[in-house]
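# Coordinates in review
So you can see what is in the structure, the chains are spelled out below.
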Amino acid sequence: MPEHDPVRDAARYRVQRDSDQDEQAPAPPRGRMEDRHRWVDVVIDQAIARGEFDDLPLAGKPIPGIARHDPDWWLKALIEREQISGVLPEAIQLRKDDAVLADRLDALRTEDDVREALAEFNARVVAARRQLMGGPPVVTPLRDVDREVQAWTARRRVPEPPPAPAPTPPRRRWGRRT
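A short tour of the structure in this document, coming up. For clarity, every value in this text was computed on a predicted model and none was experimentally measured.

Reading the values: rules and limits
Residues numbered from 1 in each chain as written. Predicted model: local features only at pLDDT ≥ 70, side-chain atom pairs only at ≥ 80, totals over all residues. Heavy atoms only, no water. Helix = DSSP H or I, 4+ residues; strand = E, 2+ residues; numbered from the N terminus. Buried < 20%, exposed > 50% of the residue type's maximum accessible area, 1.4 Å probe, protein only. Contact = heavy atoms within 4.5 Å. Polar contact = N/O pair within 3.5 Å; in protein donor to acceptor, adjacent residues only side chain to side chain. Axes fitted to C-alpha atoms, helices over the stretch in contact; angles between N-to-C directions. Parallel < 35°, antiparallel > 145°, perpendicular 65-115°, else oblique. Left-handed = near helix turned anticlockwise from the far one by under 90°. Patch = residues over 30% accessible without salt bridge, like charges linked within 9 Å, V, L, I, M, F, W, Y side chains within 5 Å. Areas by Shrake-Rupley, 256 points an atom, 1.4 Å probe, with all protein chains shown as cover. Salt bridge = Lys/Arg side-chain N within 4 Å of Asp/Glu carboxyl O. Arc of directions from axis to C-beta.

## What to know about the overall build of the chain
Helix and strand content of the chain: seven helices and zero strands. Ordered by position in the sequence, the α and β elements of the chain form the string α-α-α-α-α-α-α. Here the chain holds 178 residues, and 12% of them are scored as buried. When contacts within the chain are restricted to residue pairs at least 6 apart in sequence, long-range pairs at least 24 apart make up 56% of them.

Written out as structure tokens, the structure is:
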């Protein structure tokens, strides 16, 4: 009994199948892709008839932000809507973080936390300056930790409110009897 070679059997089957297809190759159904736009129109018309497009937000109004001629309007809208952060180049992210650093420090409770946050910020600035990748230059200055801690403690001191004036008795109207 001859031994079966799977490669030879597969090649023989393929040759036989190809010759069978040449003899009676059925033509692919015509018009399926050409009529797809009609099918989409029918599906949309059916959805309109069911009322699935009624009471949509912004119905009859322009899409917000599309009036700007910005090709990335949808990406900017996504970032704003989802409040995505950390996708900026490090130099620009450092500028943004530098602008709100005082508010971030004011939310901290202890001096050690403030010092740790400032050390982390300064380390990010140094790391951004050392990177060799392209992008905007890093112009964010390092923060002096001791000076920032002094400013933080000065902002935390709440001045005492001035003493409230003594309440004055109500004025008595002349000409009326009480």
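On we go.
## So, the side chain of Arg 143
Within the secondary structure, Arg 143 is located in the loop between helix H6 (111–130) and helix H7 (145–156). Of the residues examined, Arg 143 reaches a relative accessible area of 18% and is grouped as buried. Looking at Arg 143, its side chain comes within polar contact range of the side chain of Asp 98, at 2.5 Å. Look past the residues within four positions of Arg 143 in its chain and what remains in contact with it is Asp 98, Leu 101, Leu 118, Phe 121, Asn 122 and Glu 148.

## Quick word on the side chain of Glu 148
As for its position among the elements, Glu 148 is in helix H7. Setting aside chain neighbours within four positions, we find Glu 148 in contact with Leu 105, Leu 118 and Arg 143.

## Let's talk about unusual backbone geometry
Residues other than glycine seldom take positive phi values, yet Leu 58 does so here, at roughly 65°. By secondary structure assignment, the location of Leu 58 is in the loop between helix H2 (36–50) and helix H3 (73–82). We classify Leu 58 as partly exposed; its relative accessible area is 47%.

## Description of the packing of H6 against H7
Following both chains from N to C, one finds H6 and H7 inclined at 135°, their axes separated by 10 Å at the closest point. Relative to H7, H6 is oriented oblique. By crossing handedness, the relation of H6 to H7 is classed as right-handed. Contacts from Glu 111, Val 114, Arg 115, Leu 118 and Asn 122 in H6 reach Val 145, Asp 146, Glu 148, Val 149 and Trp 152 in H7.

## Description of a nonpolar patch on the surface
On the surface, Trp 39, Val 40, Val 43, Ile 44, Ile 48, Phe 53 and Leu 56 cluster together into a nonpolar patch covering about 630 Å² of accessible area. Considering the arrangement of structural elements, one finds Val 43 in helix H2. On the accessibility criterion, Val 43 (33% relative accessible area) is partly exposed.

## Considering helix H4 (residues 90–99)
Residues of H4 that are buried: Ala 91, Gln 93, Leu 94 and Asp 98. The buried residues of H4 occupy one face: seen down the axis, they fall within an arc of 160°. Where H4 is buried, its residues contact helix H5 (101–106) and H6.

## Structural notes on the packing of H4 against H6
Direction vectors running N to C along H4 and H6 enclose 155°, while the axes themselves pass 10 Å from each other. Between H4 and H6, the interaxial angle falls into the category roughly antiparallel. Read as a crossing pair, H4 and H6 show a hand that is left-handed. Along its contact with H4, which presents Glu 90, Gln 93, Leu 94, Asp 97 and Asp 98, the element H6 presents Phe 121, Arg 124, Val 125 and Ala 128.

## Things to note about the environment of Ala 47
With respect to the helices and strands, Ala 47 occurs in helix H2. Overall, Ala 47 belongs to the buried group, its relative accessible area being 7%. Discounting chain neighbours no more than four positions away, the residues touching Ala 47 are Glu 52 and Phe 53.

Remember, this is a structural readout, not a statement about activity or role.
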